[in-house]
Amino acid sequence: MRKGFLAVASLLLAGSVSLPALAEDDILTDAPEIEISDSPEGGWYVRADLGYAPWIREGDPYSVDTGTGARTSFDESRFSKPFSGGIGFGHQFNDMFRADLTADFSRGDFDGTSFGAAPCAATEPAGTSCRYGHAGSYRSMALMANGYVDFATFAGFTPYLGVGVGATRVHWNDMSISATCVAGGAACVVDDHGSSAASGESSWRFTYALSAGASYEFQNGMKLDVGYRFTDVAGGDMFSSADANGRDDGFQRHEFRVGLRLSIW
């Protein structure tokens, strides 16, 4: 009996020692792997973007100097060709902050009309007035320094807010100006007074931009960037001629953009 008791005690003692050891081994084996990064995400990148501006400020802000010191707002104005393209180079400082330098290019056509109280020509009687039609085109290049705040990533998407400042070179091509007599207190002698050309002007203008959007990393080091950007370009000279000088009060572009960002090192 004594030998049997000792044998059972030995088995129980061996079990009490081995069971915790097995449990500890299982816990260590099933524990998830945790990776700790030595440094936050960062590095240099290049970018390319395409933009579409369905609405550009137009109408009242544009005016014509008739040479007498009076300024007449365009009654109507319209822009076309709202597409733009851009390239840039930047740096991701950490998971939250990044900055880049960009160059954006756009061009467009302009059509506008303005009204003059005076007759179109000396041959027209007093009491008539003149309506002018303006047609031209422009090219612009914006050089901007931009900063962004990237927020937490949700389901692969990283929303951001950005702000940029810089300068835009606006180059107006020659403007075509047509004159049409408008009858009033007297009848017009000639309705169509033909057209003339006015020299386009070029100038650098202060520019700022506000942006919001989200990026998605679809491949290691490559991100799709989709967002909205509001750009405000200051006013400047538009055209000049012997009869009148034109000046625009600037552009406000509401633009939807899509682009790619590629990490390079």
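Here the structure is a predicted model, which is why all the values come from computation and not from measurement. (Residues numbered from 1 in each chain as written. Predicted model: local features only at pLDDT ≥ 70, side-chain atom pairs only at ≥ 80, totals over all residues. Heavy atoms only, no water.)

*Asks:* What is the right way to read the state of the cysteines from this model?
*Replies:* Enumeration over the complete set of coordinates arrives at 2 disulfides. Residue pairing for Cys181: its cysteine sulfur links by disulfide to Cys188, the two sulfurs lying 2.1 Å apart. Between Cys181 and Cys188, the disulfide has an S-S torsion of -85° and is therefore left-handed. On the basis of relative accessibility, which here comes to 8%, the residue Cys181 falls in the buried class. Looking at the protein, its bonded cysteines, counted consecutively from the start of the sequence, adopt the pairing 1-2, 3-4. (Disulfide = S-S within 2.5 Å. Buried < 20%, exposed > 50% of the residue type's maximum accessible area, 1.4 Å probe, protein only.)

*Asks:* What is the right way to read the side chain of Gln92 from this model?
*Replies:* Tracing the backbone shows Gln92 in strand β4 (residues 83–92). Exposure remark for Gln92: the relative accessible area of 8% places this residue in the buried category. Of the polar contacts made by the side chain of Gln92, one reaches the backbone oxygen of Asn94; its length is 2.7 Å. Side-chain polar atoms of Gln92 contact the side chain of Asp150, separated by 3.3 Å. (Helix = DSSP H or I, 4+ residues; strand = E, 2+ residues; numbered from the N terminus. Polar contact = N/O pair within 3.5 Å; in protein donor to acceptor, adjacent residues only side chain to side chain.)

*Asks:* How do you make sense of the packing of aromatic side chains when you look at a structure like this?
*Replies:* The description of two aromatic rings rests on the distance between their centres and on the angle between their planes. Tallying each qualifying case throughout the model produces 11 aromatic pairs. Where Trp172 meets Phe251, the ring centres are 6.3 Å apart and the plane angle is 25°; that geometry is what we call stacked. With Trp172 in strand β7 (residues 157–172) and Phe251 in strand β14 (residues 251–263), this residue pair connects regions lying 79 residues apart in the sequence. Residue classification places Phe251 among the buried positions, given a relative accessible area of 5%. An aromatic cluster of three or more residues is present, and its members are Phe110, Tyr138, Trp172 and Phe251. The residue whose ring lies beneath Arg98 is Tyr160, and the NZ or CZ to ring-centre distance is 5.0 Å. The lysine or arginine in question, Arg261, covers the ring of Tyr45, its NZ or CZ lying 5.7 Å from the ring centre. (Phe/Tyr/Trp six-rings, centres within 6.5 Å; stacked < 30°, edge-to-face > 60°. Lys NZ or Arg CZ within 6 Å of the ring centre and 35° of its normal.)

*Asks:* Sorry, what's going on with the pattern of salt bridges here?
*Replies:* Pairing between side chains of opposite charge can happen when the charged atoms of each approach one another. The tally for this structure, following the rule as stated, stands at 13 salt bridges. Arg47 serves as the salt-bridge partner of Asp225, at 3.6 Å between the closest nitrogen and oxygen. Of this pair, Asp225 sits in strand β11 (residues 222–233) while Arg47 sits in strand β1 (residues 43–56), and the two are 178 residues apart along the sequence. In terms of burial, Asp225 and Arg47 fall into one category: buried. (Salt bridge = Lys/Arg side-chain N within 4 Å of Asp/Glu carboxyl O.)

*Asks:* I would appreciate a short explanation of the confidence of the model for the protein in the present structure.
*Replies:* Low pLDDT marks regions whose predicted coordinates should not be analysed in detail. Here the protein shows a mean pLDDT of 81. Residues at 70 or above account for 77%. When the elements of the protein are averaged for pLDDT, helix α1 (residues 2–30) gives the smallest value, 46, and β7 the largest, 97. Taken as a whole, residues 11–25 scores under 50 in pLDDT and shows 1 contact with residues more than four places along the chain or in a different chain. Segment residues 31–40: pLDDT under 50, and 2 contacts once partners within four positions in sequence are set aside and those in other chains are kept. (pLDDT = per-residue confidence, 0-100. Contact = heavy atoms within 4.5 Å.)

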